[in-house]
Amino acid sequence: MQIELEINGERDTYEVAPATRLIDLLRREGFQEVKKGCDEGHCGSCTVLLDGMPVLSCVMFAAQADDQSITTIEGIGTIDDPHILQREFVDKGAVQCGFCVPGMILSAKALLEENPSPEEDEIKRGLDGNYCRCTGYVKQIEAVQSAAKKMRGDA
Amino acid sequence: MQNLKEFERPQSLDEAVEKISAKPGRRLLAGGTGLSITDSKTTIGLVDLKSVGLDYIEDDSDAIKIGATAVMRALEESSLLQNYAGGLLADVAAEVGTTPLRNMITAGGNITQLRVWSDLPAPLLALDAEILVTDQEGETTYPAQKFFHRHPSQLLDDTDIVTEIQLPRGIENYSSSYTKFVAVDDSYAVTSVSVVLDMEGDTVKDVRIGVGSASPSPARCPEAEEELVDAELNESLAEKVGEICRANVNTTDNVWGSGDYKSKLIEKLVKKNLLQAKTS
Amino acid sequence: MSKTRDFSEVNQNVEKVDGMALACGQDKYVADFETGDELHLKILRSPHAHARIKNIDASEAEAMDGVAAVLTHEDVPRVAQTTAGQGYPEPSPYDSFMLPRKVRFVGDRVAAVAAESEALAEAALEKIEVDYEVLEPVLDPRDSMKEDAPVIHDEDDCHTVIPIPFEPERNLASSVEFEHGDLEEELEKCDVVVENEYEAQYAHHCPVEPHICIVRKDPHGRLVITTSTQVPFHVRRIVAERLEMPEKKIRVIKPRIGGGFGGKQEVLIEDITAAMVLETGRPVKFEFNRREEFASSRTRNHEILDMAVGADTDGRIQAIKMHILMNTGAYGSHCLTIVCNSGSKVLPLYNKANAISFKGTVVYTNLPSGGAYRGYGATQGYFAIESLLDELAEELDMDPVELRKINHIREGETSPVFAALGEGKEGVEQTIESCGLEECIEQGKEAFGWDEREKRRETGDKTKKRGFGMCTLMQGSSIPEIDMAAASIKMNEDGSFNLHMGATDLGTGSDTVLSQIAAETLAVPTDDIIPYSSDTDMTPFDVGAYASSTTYLSGRAVKKCASNVRDQILERGAKMLECDVDDVELGYKEVAGPDGETVSFSEIAVHSLYEADQRQIAAHESSISHKSPPPFSAHFAEVEVDTETGKAEVLRYVNATDCGTAIHPRLAEGQCEGAVLNGISYALTEEFQFSSKGKLVNASFDSYNVYKMTDLPDMETILVPTYENTGPYGAKSVSEIGINGPLPAISNAIYDAVGVRMRTGPFTPDRILEALEE
């Protein structure tokens, strides 16, 4: 079957089997920044934004996303022109192995768009779907706080 | 899903009824968080309910109506639900899964599959909700008690579509309290307790206690509710009622907790939530 | 000894070399090397805990469309091996096979399928018919050595390659003993003796990226193994042995990897995948699903520790007994060294005891195999000793902090344990040259508010009780006289340097830290170092990322190598400035002559590459450590226990850690924080639940609970600087030590809160409630 998706701003038609999950379509089409961690809806490595909202691409069929927009980490910044969140994650030491980071930054982006001044508890809740076994989360919370501040223009 | 060949996208409920009834081996798809990782050889087609217009939460004169494909986040943020019976369902929805999952998990999926992660059924029991089901013959309304008496799959045919949850009028101003007891934040409930309460002074006028995840089906505890009605709710009564619930609610072992531990939890959580509902 | 120095590149928070590429999703992990032409490998796993394979019929699976090959034990070489990625010859029994004839735990390998898709491979697994002779399993380590216990390794080709205790006929995987003084005599003399048994449970590493490899043949017929491993060189050696092929036919590449924590210090996927490439001639990908990750990889070893500590009335520890029964599960990977570490990384902390009795008995069971996991035995050992010391402090009516202060090892001191307990053999004597533990205790106490803790005890809710616990810790830095690391550096004409190292960055940041060490030595910004690591064709040897060794051991190799290159640069600079090498100085990216004239690194490189006496300025150097200098740490936990539900919640956790010079302070803090949170999660929720038949029933994140961001307590990390003379720029290790504290600190805090001693982990609500009811 064919579906139409707008991925990182580019609209295209994709051929998928009904059983194809969104993660498998995305990775097949070269969006390998979408990571497969637990592959069962718990770890959040595969988080993408669907019409701006974080979802887990490993527990949905690709066809469910038909006619919607998808944002992966590539859609929010590049190495030469990173998003403030990407910059802050690096500067604050929030990136260790980095496997969880694309998903986590996308969750953070959705959070900050809705709530530009989150309290620490709100950050924790907004990022509760993203496991990280390396960092202990301390630096990641700090990175989101700092990015929020910069995005608000307070710093 | 190795034999899955079709993906139907009906644009109306009627069309969905038609599609699901057209062939054996078709299954309804709501959020997909369970189905997309289910290994089923018999499923040959999916009927996606996304576009049939069931993602509403609306106020109606007879009831508050929650469409089957409304997601947890919508429930959580609904001012209607936040202001209904102490915001019980909004509170419950806020604790389902994680942020991305709350954008995906639907009310209908959560109650129809009735698995260990289904947090809505027990509070729906406590709210005396009704569940609307549509098939080719028309619409049937089930009281939550009946819908959750056994696993809904025993009540429903493969072609039945759960379309709506209705919350009754008359209890909007009741207070409530809810505890989902978990080992870590996004884990599945070891046990959950919902209390819905109506008081006049210190006296209980009406009360409902729903217990979830303690056994495969959610439970009310009528013995405890009877004990409370017309009585003065204080700590010692709450404690006694906790004990009554412990004695009367069936619990079973699973990896999230032993039946024995769940029984102890029920006692303490019923007491705690009764007292919290009283003061909230 | 001065504790802080002026550095320009080390001890600085430079940008992590792969940080931005990772944050932008651009750097590649193994799965990202998939090109679409790979076959997908799946393993048929044993449904039985203990069974002999009588017959396998794979004909139906082989005949399926899209199935390229099926391998059973009849098709592959039978080479007894260990999966442990350790220095060769390994002190682990050679007791496992690529495909065994006898399965020893639920989840053991039975057969392998390669097919055009994962779904096809899975469907093919269902078509393989296996006739098992089901045997009685051993599911409790206490039963393993009983007279009538079934023998788990009864095949006569299991063996050891160095003389270590190994008696498979009585399910003894290995053992170790060490006696210093006379325990009974000393205990007799003690004023206070406390004794108890502790049990540390099975747990899993839970890397977010599972084990995964892609193996392909290059145009020359060599196998290129791209794999998520901590030990690329051990992978090359073990795969070569397993496949009975020369090492020169194998290249192992480790790209970015998504966490390891010891779980990827094992060769669990590469051998069978390589065999499948040889069988089919096609590239093959093998990725564990999450169930396999939990049930069929490796685990924290389950240990039962029989403990005693005796002291005089002043609290001076006179005698320590630590007798361990360790459950290694089905295979003995790392088993001897882990049990040794339960003693060797723990007992020296209290070095003034007159008598120490240490015994480790490692038994096989038909449960998942233990193996390397951050902390590596020390986690279990510290749970026991640091909880028991809390019991001792109570008996003595003494502040637990004071008890540690009068007993812990100090600079200039040694312990007989260092020389006695090594890695499967005797250890290496050492004197502590840097110890910041006193400072860790003081700063940790201060930050935690230990002396003011009584003011925080009141919760305002009679069902919630608050308590406070602490512990002290040490670990090591590398395995002395065994582990080796090497690095090579060459200079480029723009004055930058390629740094090639065998060291393995598993997300820890070692590529960054080692680049900083090179940059500091060469007087260039870290940005001028181009690191490349962990490629057996391109980089020199390194044992790999384990034993808290990379910063210390690989860092020494890098520093030595960079010093060599620096000397060559100075020499070339002197030649260009026409003066004596003794008269030139290294400046920032330049060499300065006696009268202030300078030549830049770029000029020096161009000169040596193009102009005169042409040669590549380059070096390679190796390092072997002669010591394993311990980092030290003090941990403090504030815990609230709900007496109605039994749930313990950590409200605040402080760790103050001496890792010598922190080469990259933020990354070092991150190591502490990650280790501590993993430890808290282990202490409170993580465990394996087995069915009565030995099947792991919580092999998913839905029921194996790990701490997430929302579970994070208020956490503070304090780095306490010391300067370890034998380490690169004063550095010691930091990666493992933090995981050892939470079990005892939290257990002690729970006792302080509600008066029950939790001696078996994890301290789940139901266990705490049960203890409260007793």
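Just so you know, these numbers come straight off a predicted model, no measurement behind them.

**Digging into the domain arrangement of chain B**
In many analyses, interface size is given as the accessible surface area lost on bringing the parts together.
For step 1, the next point in the chain: For chain B, the assigned domains are domain 1 (6-48), domain 2 (57-168) and domain 3 (175-279).
For step 2, the next point in the chain: Inter-centroid distance (C-alpha atoms) of domain 1 of chain B to domain 3 of chain B is 37 Å.

**Concerning the interface of chain A and chain C**
For step 1, the next point in the chain: Each partner contributes to the interface: chain A provides 48 residues, whereas chain C provides 51 residues.
For step 2, the next point in the chain: With both sides pooled, the region where chain A packs onto chain C buries about 4100 Å², and carbon together with sulfur makes up 59% of that total.
For step 3, the next point in the chain: Contact with chain C buries area across many residues of chain A, yet Gln-96, Tyr-131 and Arg-133 of chain A alone supply 20% of it, more than any other trio.
For step 4, the next point in the chain: Where chain A meets chain C, there are seven salt bridges.
For step 5, the next point in the chain: Between chain A and chain C we count 26 residue pairs in polar contact (both at pLDDT 80 or more) in total.
For step 6, the next point in the chain: If you list the elements that add at least two residues to the side of chain A that touches chain C, you get α2 (84-91), α3 (101-114), α4 (120-126) and α5 (138-152) of chain A.
For step 7, the next point in the chain: Looking at the side of chain A that touches chain C element by element, the count peaks at five residues for α5 of chain A.

**Here we look at the pairing of strand β3 (residues 45-48) of chain B**
All names here are of chain B.
For step 1, the next point in the chain: Residues Gly-45 and Val-47 point to one face of β3 and Leu-46 and Asp-48 to the other, with burial holding for every one of them.
For step 2, the next point in the chain: By the bridge criterion, three bridges tie strand β1 (residues 6-8) to β3 in an arrangement that is parallel. Opposite Phe-7, over in β3, you have Leu-46 as the bridge partner.
For step 3, the next point in the chain: Relative to β3, strand β2 (residues 26-29) is paired through four bridges, and the arrangement is parallel. Note on β3: the bridge partner recorded for Arg-26 is Gly-45.

**Focus: the domain arrangement of chain A**
All names here are of chain A.
For step 1, the next point in the chain: Taken domain by domain, chain A holds domain 1 (2-75) and domain 2 (84-152).
For step 2, the next point in the chain: Taken together, the contact pairs 16 residues of domain 1 with 12 residues of domain 2.
For step 3, the next point in the chain: Inspection of the region where domain 1 meets domain 2 yields zero salt bridges.
For step 4, the next point in the chain: Linking domain 1 with domain 2 are four residue pairs in polar contact (both at pLDDT 80 or more).
For step 5, the next point in the chain: Ranked by the residues each element gives to the side of domain 1 that touches domain 2, the list is headed by strand β3 (residues 47-50), at three residues.

**Points about the layout of surface pockets**
For step 1, the next point in the chain: The space that makes up the second largest pocket amounts to roughly 1100 Å³.
For step 2, the next point in the chain: Around the second largest pocket sit 42 residues that line it, and Lys-180 and Lys-272 of chain B together with Lys-464, Lys-647 and Glu-649 of chain C are the ones nearest its centre.
For step 3, the next point in the chain: Secondary-structure elements contributing two or more residues to the lining of the second largest pocket are α4 of chain A, β9 (175-181) and α12 (259-279) of chain B together with β24 (632-642) and β25 (648-658) of chain C.
For step 4, the next point in the chain: Among the elements that take part in the lining of the second largest pocket, α12 of chain B stands out by supplying six residues, more than any other.
For step 5, the next point in the chain: Of the residues assigned to the lining of the second largest pocket, the class counts are 14 nonpolar, six polar and 22 charged.

**Remarks on the side chain of Asn-341 of chain C**
Residue and element names in this part refer to chain C.
For step 1, the next point in the chain: One can find Asn-341 in helix α8 (residues 335-344).
For step 2, the next point in the chain: For Asn-341, a relative accessible area of 4% corresponds to the buried category.
For step 3, the next point in the chain: Polar contacts involving the side chain of Asn-341 include one to the main-chain carbonyl oxygen of Thr-337, which spans 2.8 Å.

**Side note on the sheet that holds strand β23 (residues 618-624) of chain C**
All names here are of chain C.
For step 1, the next point in the chain: Across the sheet, four strands lie side by side as β19-β18-β17-β23; this open sheet has mixed pairing. Because the sheet does not close on itself, it has two edges, and the strands there are β19 (529-533) and β23. With strand direction ignored, the average angle separating the axes of adjacent strands in the sheet is 20°.
For step 2, the next point in the chain: Sitting on the sheet, helix α14 (residues 550-577) touches β17 (484-491), β18 (497-501) and β23, and the angle it makes with β23 is about 150°.

**Re the environment of Gln-475 of chain C**
For step 1, the next point in the chain: With respect to the helices, strands and loops of the structure, Gln-475 of chain C is situated in the loop between β16 (464-474) and β17.
For step 2, the next point in the chain: Within the local environment of Gln-475 of chain C, its side chain forms a polar contact with the side chain of Asn-740 of chain C, the two groups lying 2.6 Å apart.

About the thresholds
Residues numbered from 1 in each chain as written. Chains lettered and ligands numbered in written order. Predicted model: local features only at pLDDT ≥ 70, side-chain atom pairs only at ≥ 80, totals over all residues. Heavy atoms only, no water. Domains from an automatic or database assignment. Contact = heavy atoms within 4.5 Å. Buried area = accessible area lost by both parts, 1.4 Å probe. Salt bridge = Lys/Arg side-chain N within 4 Å of Asp/Glu carboxyl O. Polar contact = N/O pair within 3.5 Å; in protein donor to acceptor, adjacent residues only side chain to side chain. Helix = DSSP H or I, 4+ residues; strand = E, 2+ residues; numbered from the N terminus. Buried < 20%, exposed > 50% of the residue type's maximum accessible area, 1.4 Å probe, protein only. Pairing = 2+ DSSP bridges. 1 Å grid on protein atoms, 1.4 Å probe; cavity = no way out; pocket = protein on both sides within 12 Å on 5 of 7 lines; lining within 4 Å. Points joined across faces, edges and corners; volume = space filled by probe spheres on them. Nonpolar A, V, L, I, M, F, W, Y, C, P; charged D, E, K, R; others polar. Axes fitted to C-alpha atoms, helices over the stretch in contact; angles between N-to-C directions.

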